[in-house]
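# Structure at a glance
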Amino acid sequence: MKIVKAEAKKIRYTSLMVRDGEGHSHPGKPHEDSVGFLAITCDDGTVGYAVGGNMNVDILNKVVCPAVIGEDPFMHERIWQRMRTWQRLHSLFSDRTLCALDLALWDICGKKCGIPVYKMLGGYRDKVPAYGSIMVGDDIKGGLDTPEAYAAYAKELVKRGYKAIKLHTWMPPIIPAPDPKMDVRACQLVRDAVGPDIELMLDPYHDYTRQQALYIADALNELDFLWMEEPMDEHSMSSYIWLTQNTGLQICGPETAEGKNRMRAEWIVNGASDIGRAGTEVTGGITSVMKSVHLYESFGMSIELHGNTIGNLHVLGAMGIDGKYFERGLLHPLLDYEKPKPWFKKIYDPMDEEGFVKIPDGPGLGLDFDFDYIKENIID
Ligand code: MG
């Protein structure tokens, strides 16, 4: 089996999300936007796909796609390792772009074998509990502008079936500025609103000082929170060692620091977090996350995956260790998460009343594309 064609394009759509100066998403006025769409075709007609706004279409077409023509998609590890080394000098070749290639390759392999990707990886479970991941705070009336607004929305999410909730609080350039006291107040009101049986987590501003991070961690420990993630710059591993040693709250990470499984190995041996973290988009695909999964398992640590990606769902289906939750979101009172993106016929992560998401049972990644929409809206 050989790859004969590989091409990335963009799909036009009407977005209801705007990104602020730091890159965080918020609800906004409808406007035209586009997402990347990668298709890799094999000589027997099998096609693997990846879709998403974070892949670099230019790098895919100029660097990645020509390099995979003629390759056997089942020699997946070899392709991934080669591309990983190419990232060093192709400075725009991000882990998110490597992830797109990796997803399309896994999609091909699953389709060819007629089974879902999580079973190709070695299946463990066919559904996972989800937590509701609330969007970063904003200054929108009826949105997430106050601690009280978080509490009201958290109550709503529990009514919808969520057994666990994560807050993202306020970050620049949104006013109010990051404020540890306001973060703790939001967490306190959410705990009061949902009661003691809902698991809670916090992902605050990512550039607090050690003292600010410790203040929040200790307060959240009192509120029986499950974990806090990325309260400081993750390049300062020493700060995370210090925080983990000084608080009783579990610290989860690293998420955004570069380096895939190798950097995670450094965090593990240095005791820089209590719970590990990785994700298909932030670490370069399913192939990469599985390396981290096995690494954490070997050290007796659990790992929580970042983001609501299709790849993460399949990894969660193949994890035999304590990776507890699928991150469902980002959720916002003014947005309808249950509505599929226009290039899909249905969402891939519907949640049942018990708070579980079923892993799509394929074949491949099990994505249900609306190819009529894609054909009409592809940008040539
Ligand atoms: Mg995070």
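Read on for an overview of the structure. These numbers were taken from a predicted model, which means no experiment stands behind them. (Residues numbered from 1 in each chain as written. Predicted model: local features only at pLDDT ≥ 70, side-chain atom pairs only at ≥ 80, totals over all residues. Heavy atoms only, no water.)

### Describing the sheet that holds strand 13 (residues 378–379)
- The strand order across the open sheet built from four strands is 3-2-1-13, with neighbouring strands paired in antiparallel fashion. Both outer strands of the open sheet, strand 3 (47–52) and strand 13, are each paired with one neighbouring strand and no more.
- Relative to strand 3, strand 2 (residues 25–42) runs antiparallel, the two sharing six bridges. Bridged to I40 within strand 3 is G48. (Pairing = 2+ DSSP bridges. Helix = DSSP H or I, 4+ residues; strand = E, 2+ residues; numbered from the N terminus.)

### Overview of the pattern of salt bridges
- Applying the stated criterion across every chain, the model contains 23 salt bridges.
- Across the salt bridge formed by E148 and R185, the nearest N and O atoms sit 3.3 Å from each other. Here E148 is found in helix 5 (residues 147–159), whereas its partner R185 is found in helix 6 (residues 180–194), with 37 residues between them in sequence.
- Take E148: its relative accessible area is 43%, and that puts it in the partly exposed class.
- Overall, the relative accessible area of 41% leaves R185 in the partly exposed class.
- Ionic pairing is found between D349 and R328, a salt bridge with its closest N-O pair at 3.9 Å. With D349 in the loop between strand 11 (326–331) and strand 12 (356–358) and R328 in strand 11, the pair connects residues that are 21 residues apart, well separated along the chain. (Salt bridge = Lys/Arg side-chain N within 4 Å of Asp/Glu carboxyl O. Buried < 20%, exposed > 50% of the residue type's maximum accessible area, 1.4 Å probe, protein only.)

### Concerning the pairing of strand 5 (residues 164–168)
- Burial runs high along strand 5: five of the five residues are buried.
- Going residue by residue along strand 5, you find A164, K166 and H168 tucked away on one face and I165 and L167 tucked away on the opposite face as well.
- One ladder, built from two bridges, connects strand 4 (residues 127–134) with strand 5; its direction is parallel. If you follow G132 over to strand 5, its bridge partner there is I165.
- Tracing the backbone out of strand 4, into helix 5 and back to the parallel element strand 5 gives a crossover that is right-handed.
- Note: strand 5 against strand 6 (residues 199–203), five bridges, orientation parallel. By the bridge assignment for strand 6, K166 is matched with M201. (Right-handed = clockwise from strand over helix to strand, strands pointing away.)

### Here's the deal with the coordination of the magnesium ion
- Distances from the magnesium ion to its protein donors, D203 (OD), E229 (OE) and E255 (OE), fall at 2.1 to 2.2 Å.
- All donors to the magnesium ion come from one chain, and their sequence spacing reads D-x25-E-x25-E. Taken as a pair, E229 in strand 7 (residues 227–229) and E255 in the loop between strand 8 (251–252) and helix 9 (260–269) lie far apart in primary sequence, 26 residues in all. The pair E229 / E255 is uniform in exposure class, with both members buried. (Donors = N, O, S within 2.8 Å, 3.2 Å for Na, K, Ca; no water.)

### With respect to the packing of aromatic side chains
- By the definition in use, this model includes 14 aromatic pairs.
- Residues Y240 and W267 carry aromatic rings whose centres are separated by 4.9 Å and whose planes lie at 40 degrees to one another, so their mutual orientation is tilted. Taken as a pair, Y240 in helix 8 (residues 237–246) and W267 in helix 9 lie far apart in primary sequence, 27 residues in all. W267 carries the same exposure label as Y240, and that label is buried.
- Following the ring pairs from residue to residue traces out a cluster consisting of Y13, F37, Y49, W343, F344, Y348, F369 and F371. (Phe/Tyr/Trp six-rings, centres within 6.5 Å; stacked < 30°, edge-to-face > 60°.)

### As for the side chain of N312
- With respect to the helices, strands and loops of the structure, N312 is situated in helix 12 (residues 310–317).
- Among residues more than four places away in sequence, those in contact with N312 are G279, T280, L305, H306 and G307. (Contact = heavy atoms within 4.5 Å.)

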